[in-house]
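In case you want the letters, here they are:
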Amino acid sequence: MSEENYGEMDVYERRNFWMNSGIGKMHSKDIDQVEELGSNVEEFRTSENESTFWPRNVLEDLVSSEDDVTLVARKGNKVIGFLIATYHPVTRKATWENCYVSPEYRGREIAGKMYSLAEKTLREKGADFICGFIEQDNMASKNFVRKHNLEEGKLYNWMTKFL
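Residues numbered from 1 in each chain as written. Predicted model: local features only at pLDDT ≥ 70, side-chain atom pairs only at ≥ 80, totals over all residues. Heavy atoms only, no water.

A.B. asks: Sorry, what's going on with the side chain of Asp30 here?
C.D. replies: As for its position among the elements, Asp30 is in the loop between β1 (21–25) and α3 (31–38). Classification of Asp30 by relative accessible area gives buried; the value is 3%. In this structure the side chain of Asp30 is engaged in a polar contact, spanning 2.6 Å, whose partner is the side chain of Arg74. Those residues in contact with Asp30, other than ones at most four positions away along the chain, are Lys25, Val72, Arg74 and Val79. (Helix = DSSP H or I, 4+ residues; strand = E, 2+ residues; numbered from the N terminus. Buried < 20%, exposed > 50% of the residue type's maximum accessible area, 1.4 Å probe, protein only. Polar contact = N/O pair within 3.5 Å; in protein donor to acceptor, adjacent residues only side chain to side chain. Contact = heavy atoms within 4.5 Å.)

This is the structure:
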């Protein structure tokens, strides 16, 4: 069912969707699907010379990290979305790295549920604030974070150097 039709679903259909779906911690077995989803998202590219998404070894490190928060949304065995947030305990700063939901599952509050769970988890870890980068013209993402009470800060240029 497309996101346009989700609003037309009755209570039974919505309950059935969520009963056969779930949001939880990302595991090693999810990395292939997350890598496939993330590697096709142009918005994750930060420069012309940089790969589009995290390399597999970084995803593995994120999944095994005690500090970082990695979540997936599933429909059965299929990963339909993910959220990655990093946490630096010394500064008590969390960074919202990536959030993605497959287009056919958008409009169902999946990203919102993942964000709420990530924020709750980060608070429990001791985070004092969360920040993230969004392209200036990505209004959908800007509206999403505003809905979750993140405030727009100053504009900066993204600078990179590979080491």
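From this point, things continue past the structure.
A.B. asks: Looking at this structure, I do not really get the pairing of strand β4 (residues 93–101). What am I missing?
C.D. replies: Successive side chains on a regular strand alternate, one facing one side of the sheet and the next facing the other. Most of β4 is tucked away: seven of the nine residues are buried. As judged from the eight bridges shared by strand β3 (residues 78–88) and β4, these two strands associate in the antiparallel manner. Across the sheet, the residue bridging to Phe82 is Tyr100, located in β4. Direction of pairing for β4 relative to strand β5 (residues 129–132): parallel, over a ladder of four bridges. Residue Trp96 lies in a different strand from β5, and its bridge partner there is Gly132. Between the parallel elements β4 and β5, the chain passes through helix α5 (residues 110–125) in a crossover that is right-handed. (Pairing = 2+ DSSP bridges. Right-handed = clockwise from strand over helix to strand, strands pointing away.)

A.B. asks: Help me understand the sheet that holds β1 in this model?
C.D. replies: Sheet strands line up and pair through hydrogen bonds in the backbone, either parallel or antiparallel. Here five strands make up an open sheet; going across it, the order is β1-β2-β3-β4-β5 and the pairing mixed. Two strands in the sheet have a free side with no partner beyond their single neighbour: β1 and β5. The mean inter-strand angle of the sheet, taken between neighbouring strand axes irrespective of direction, is 25 degrees. Along the sheet, α5 makes contact with β1, β2 (69–75), β3, β4 and β5, crossing β2 at roughly 150 degrees. (Axes fitted to C-alpha atoms, helices over the stretch in contact; angles between N-to-C directions.)

A.B. asks: Which parts of the structure should I look at to understand the nonpolar core?
C.D. replies: Soluble, globular proteins show a tendency: their nonpolar side chains are buried together. Judged by nonpolar contacts, the single largest core of 22 residues is most densely connected at Leu83, Ile110, Met114 and Leu122. When contributions to this core are tallied by element, the ones reaching two or more residues are β2, β3, β4, α5 and α6 (139–147). No other element matches the six residues that α5 contributes to this core. Each residue touching Leu122, except ones within four places of it in the same chain, is listed here: Val69, Ala85, Tyr87, Ala94, Ala127 and Ile130. Among the nonpolar cores identified, the runner-up in size contains 15 residues, and Met26, Ile31, Val72 and Ile84 belong to it. (Core = buried A, V, L, I, M, F, W, Y, C linked by side-chain atoms within 4.5 Å.)

A.B. asks: I tried to follow α3 on my own but got confused; where do I start?
C.D. replies: Residues separated by three or four positions in an α-helix point in the same direction, a consequence of the helix having 3.6 residues per turn. Within the span of α3, buried status applies to Ile31, Val34, Leu37 and Gly38. What you see down the axis of α3 is that its buried residues fit within an arc of 130 degrees, all on one side. In the core, the buried residues of α3 are packed alongside α4 (56–64), β2, β3 and β4. (Arc of directions from axis to C-beta.)

A.B. asks: What's the story with the pattern of salt bridges in this structure? I'm lost.
C.D. replies: Between side chains of opposite charge, a pair can form when the charged atoms approach closely. For the structure on display, the rule yields nine salt bridges. The closest approach of N and O atoms between Arg56 and Glu35, which form a salt bridge, is 3.5 Å. Of this pair, Arg56 sits in helix α4 while Glu35 sits in helix α3, and the two are 21 residues apart along the sequence. With relative accessibility at 23%, the residue Glu35 sits in the partly exposed group. The salt bridge involving Glu104 is made with Lys78; its shortest N-O contact spans 3.7 Å. Taken as a pair, Glu104 in the loop between β4 and α5 and Lys78 in strand β3 lie far apart in primary sequence, 26 residues in all. A relative accessible area of 36% means that Glu104 is categorised as partly exposed. Exposure remark for Lys78: the relative accessible area of 40% places this residue in the partly exposed category. Sharing partners across several salt bridges, the network here consists of Asp32, Glu35, Arg56 and Glu60. (Salt bridge = Lys/Arg side-chain N within 4 Å of Asp/Glu carboxyl O.)

The values are spatial; any link to function lies outside them.
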